[in-house]
Amino acid sequence: MRRAIPGALTAALAALVIAVLPGLPAHAAAPRLTATTVQTSVWSTGYGADVVVSNGGDAASASWVVSFDLPVGTAVAGHWSAVKTQDGQHYTFTNAGYNGDVAPGGRETFGFNASGPGLPLNCTVNGSPCAGAPTTPTPTPTPPTPTPSPTVPTPTPTPTVPAGPVVEVATAAQLTSALAAAVPGQTIRLAPGEYRGAFAAVRAGTAAKPITLTGPRTAVLVNDGPSGEAPSCPVPTVGWDPGYGLWLYGAPYWNLSGFTVKDSKKGVVLDDAHHVTIDGLYVHHVEEEGVHFRRSSADGVLRNSVVEYTGLVQPGYGEGVYLGSAGSNWGCHGNSGGVDRSDRVLVENNRIGPYVAAEAVDVKEGTFGGTIRGNTFDGRGISGQNSADSWIDVKGVDYLIQGNRGTFAPPGTFANGYETHNPATTPAFPNGCGTVWRDNASDLGGVGAYAVKVTSTSKCAGRPNVVHSSNTVTGAVSGLTNVPVTP
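Here the structure is a predicted model, which is why all the values come from computation and not from measurement.

(A) Seen up close, the overall build of the protein. When helices and strands are tallied, the protein shows three helices and 40 strands. Across the 487 residues of the protein, 49% fall into the buried class. Counting only contacts in the protein whose residues sit at least 6 apart along the sequence, the fraction spanning at least 24 positions is 71%. Summing over all exposed atoms, the protein offers an accessible surface of approximately 20000 Å²; the carbon and sulfur share of this is 58%.

Dropping the structure here:
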């Protein structure tokens, strides 16, 4: 067992080494890239995967090249967020124009769909093993460099078929029927192809037997609506199509994985659908928001997904991810004491942007205890409409914002990286208070004022917002934050 060395002894040893070896050259900062392949969905003839390129070094990497072999019988059928070349069974992926730079402690992601079951072999990143090459220890001890937490999760084996009966669907009509008849423990599996229609799920899974809707990224849900006469509040109604790409209404305990939602009024909408996990979805080119946890859809998860090109028709309502509802809409969406309590939602390891016209994540008043971590926010294309001029606007209570990486570059209107606001703050709902920022890296592009702008300290005197010194900022007009920094 390796024993910990007391701090004083460590310092003494370091001093001794420096004294004995005064002529050794200083350690040169350098990137150290690794790459991890994570299956996001599996089906009978193949699978979808994300490849996460991480930088454990102490300098930024300007570009990356990931190469691997696939066994005979398996091929890359589609890919995204990288440039692919192929020589037989050997595949090489080079970064796209927007994701080549990997900051220390940061990560970038690309993905592919495979036809066939074989997993990548002989993986290299920039010519070194994807798991990381052994390093030669330097004679001069250097202090450890903190890395944002959490790190990319270690992939776990993905079962070929989740527990329960499997319903294979290949047409819009089959999908509509499968959603209407879904039962706990069932898996609905999408074949590649485009599915056009109004797809709503109103059946509940259970904690022990969730319902799964899964498919490859080439399974694409499209809604050409809206149409018909809308009810006063959104509820599935015969003859009315709200235009949502996928709508879970009163449908808790679902797992959604792998597929794409696009060309719809809204992307994925959850109403009174708690304990829903969204993993590996691609949501893009929607008229308003990409993913909305609404009507007390608490304890949900959105991870490993890409949301981009939102707000194409109403930029001021084009949020990437929307948690809860504005107080003015609680008459429709407040079903927990009159409040939309979409609490404790976890948003992690996603890429949100570019061309998300409103905030990457809008945290509404009345929600509590969510976590937003490990995400990449690309602020290009943010509109500035309806006060949308930051990556995250926090109006909820007691959020943790940790280990995210945000950038901004034109075009767009950008005020600050993260903002708080305090609508209708009361002792019961101290909105915009109690949020903690740790380990976030912000590049404001020479445009934004602060990485974290706290609107009011007096309204949060009993529940202050806390900005830790582990946050970093570059390209800021004014600095890291407008409040005192906590070590």
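(B) A look at the sheet that holds strand β21 (residues 282–284). The ten strands are arranged β12-β15-β18-β21-β24-β27-β30-β33-β36-β39 in an open sheet whose pairing can be described as parallel. Every other strand in the sheet has two partners, leaving β12 (193–196) and β39 (472–474) as the edge strands with one partner each. Inspection of the sheet shows strand β18 (residues 260–262) paired to β21 by three bridges, in the parallel sense. Residue pairing in the sheet places T260 in a bridge with Y282 of β21.

(C) The side chain of N375, seen in detail. Relative to the elements of secondary structure, N375 occurs in the loop between β29 (371–373) and β30 (376–378). Looking at N375, the relative accessible area reads 1%, which means it is buried. Only 3.2 Å separates the side chain of N375 from the backbone nitrogen of N349, close enough to count as a polar contact. A polar contact of 2.9 Å, which involves the side chain of N375, links it to the backbone nitrogen of N350. The contacts of N375, once residues within four sequence positions are left out, are R107, V347, E348, N349, N350, G403, N404 and R405.

(D) Fine view of the state of the cysteines. The final tally for this structure, using the stated rule, is three disulfides. Here C123 engages in a disulfide with C130; their sulfurs sit 1.9 Å apart. Of note, the bridge from C123 to C130 carries an S-S torsion of about -60 degrees and is left-handed in sense. We classify C123 as partly exposed; its relative accessible area is 22%. Under the relative-accessibility criterion, C130 is labelled buried at 5%.

(E) Layout of the pairing of strand β8 (residues 121–125). Sheet analysis places strand β3 (residues 65–69) next to β8, joined by three bridges and oriented antiparallel. In the strand pairing of β8, S67 is matched with T124. Pairing geometry for β8 and strand β9 (residues 128–129), over two bridges, is antiparallel. Counterpart to T124 in the pairing with β9 is P129.

(F) Representation of the pairing of strand β16 (residues 244–249) within the structure. With five of six residues buried, β16 is to be regarded as a mostly interior element. In the sheet, strand β13 (residues 200–201) pairs with β16 via two bridges, with the strands oriented parallel. Within the sheet, the bridge partner assigned to A200 lies in β16 and is W247. In the sheet, β16 pairs with strand β19 (residues 266–271) via five bridges, with the strands oriented parallel. Bridge pairing in β19 links L248 to L270.

(G) The sheet that holds strand β37 (residues 450–453), seen in detail. Strand order in the open sheet made by the ten strands is β13-β16-β19-β22-β25-β28-β31-β34-β37-β40, with parallel pairing throughout. Edge strands, defined here as strands with exactly one partner in the open sheet, are β13 and β40 (479–481).

About the cut-offs
Residues numbered from 1 in each chain as written. Predicted model: local features only at pLDDT ≥ 70, side-chain atom pairs only at ≥ 80, totals over all residues. Heavy atoms only, no water. Helix = DSSP H or I, 4+ residues; strand = E, 2+ residues; numbered from the N terminus. Buried < 20%, exposed > 50% of the residue type's maximum accessible area, 1.4 Å probe, protein only. Contact = heavy atoms within 4.5 Å. Areas by Shrake-Rupley, 256 points an atom, 1.4 Å probe, with all protein chains shown as cover. Pairing = 2+ DSSP bridges. Polar contact = N/O pair within 3.5 Å; in protein donor to acceptor, adjacent residues only side chain to side chain. Disulfide = S-S within 2.5 Å.

No statement about biological role is implied by the geometric values presented.
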